Amino acid sequence: ALKINELCVNCDVCEPVCPNRAITQGETIYVIDPALCTECVGHFDEPQCVAVCPVECIDPDPDHPESEPQLLAKLRRLQQES
Ligand code: SF4
Ligand code: SF4
């Protein structure tokens, strides 16, 4: 999963581009739900939130490192639940 850091300026451009609706407005900055973020694997060649963020404040989440196969498996699980 990816994680938004404190440099976030709450511009809201990332929220609508996430294919998994993993991004929401948090108490102070926008936040990514690690259970829903697949790093856009299976949807796009690059993380869409990173592509649109004007301040480059989205990094790998150190608490949720995942391999590409793990991310794909997560995507399949999410698709089955939806
Ligand atoms: Fe959503 Fe993709 Fe960003 Fe994860 S990397 S929060 S799935 S847009
Ligand atoms: Fe924050 Fe970047 Fe999302 Fe804008 S695009 S709300 S600065 S994480």
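Structural notes, computed from the coordinates.

Analysis parameters
- Sequence order sets the numbering: in each chain, residues are counted from 1 along the sequence as written.
- Think of it this way: whatever chain is written first is A, whatever ligand is written first is 1, and the rest follow in order.
- With pLDDT at 70 or above as the cut-off, local features in this predicted model cover only qualifying residues; side-chain atom pairs require 80 or more to be listed or tallied, and sums for whole chains, interfaces and linings still use all residues.
- Calculation of side-chain values draws on the structure's entire complement of heavy atoms; hydrogens and water are dropped beforehand.
- By the criteria applied, helices consist of DSSP H or I runs no shorter than four residues and strands consist of E runs no shorter than two, each listed in order from the N terminus.
- When we talk radius of gyration, it's over C-alpha atoms, and the globule rule is simply 2.2 Å times the number of residues to the 0.38.
- Only protein chains enter the accessibility calculation, which uses a 1.4 Å probe; a residue whose area is less than 20% of its type maximum is buried, one above 50% is exposed, and one in between is partly exposed.
- Contact between two residues is taken to exist if any of their heavy atoms lie within 4.5 Å; hydrogens are not considered.
- Note on areas: Shrake-Rupley, 1.4 Å probe, and residue coverage restricted to the protein chains presented here.
- Residues are labelled near a given molecule or strand when at least one of their non-hydrogen atoms is within 4 Å of it.
- As a working rule, the residues Ala, Val, Leu, Ile, Met, Phe, Trp, Tyr, Cys and Pro are called nonpolar, Asp, Glu, Lys and Arg charged, and the rest polar, with Gly in that last group.

1. Focus on the overall build of the protein chain
Thought 1: Scanning the protein chain from N- to C-terminus turns up 2 helices and 4 strands.
Thought 2: In sequence order, the secondary structure elements of the protein chain are arranged as β-β-β-α-β-α.
Thought 3: Its C-alpha radius of gyration of 12 Å places the protein chain within 12% of the 12 Å reference for a compact globule of 82 residues.
Thought 4: Dimensions of the protein chain along its principal axes, counting C-alpha atoms only, are 35 × 25 × 25 Å.
Thought 5: Out of the 82 residues in the protein chain, the part that is buried amounts to 33%.
Thought 6: Here the analysis covers contacts within the protein chain between residues at least 6 apart in sequence; of these, 69% occur between residues at least 24 apart.
Thought 7: Entry remark: accessible area of the protein chain is about 5,300 Å², with carbon and sulfur atoms responsible for 50%.

2. Topic: unusual backbone geometry
Thought 1: Here the phi dihedral of E39 falls at roughly 55°; this positive angle occurs in a residue that is not glycine.
Thought 2: With a phi close to 50°, E56 is a non-glycine residue in the positive phi region.
Thought 3: As for its position among the elements, E56 is in the loop between helix 1 (48–52) and strand 4 (58–60).
Thought 4: What makes E56 exposed here is its relative accessible area of 69%.

3. Description of the site of ligand 1
Thought 1: Looking at ligand 1, the residues that line it are L2, C18, P19, N20, I23, I32, C37, T38, E39, C40, P47 and C49.
Thought 2: Here the residues of the shell around ligand 1 are counted per class, giving 9 nonpolar, 2 polar and 1 charged.

4. Considering the site of ligand 2
Thought 1: For ligand 2, the set of nearby residues contains 14 residues, the closest of which are C8, C11, D12, C14 and C53.
Thought 2: Of the residues that constitute the shell around ligand 2, the class distribution is 12 nonpolar, 1 polar and 1 charged.

5. Observations regarding the environment of I4
Thought 1: Locating I4 in the fold gives a position in strand 1 (residues 2–4).
Thought 2: The class for I4 is buried, based on a relative accessible area of 8%.
Thought 3: Sequence-wise, I4 and P60 are 56 residues apart; in three dimensions their C-alpha atoms are separated by 8.6 Å.
Thought 4: Filtering out sequence-adjacent residues up to four positions away, I4 remains in contact with I23, I29, Y30, V31, I32, C57 and I58.

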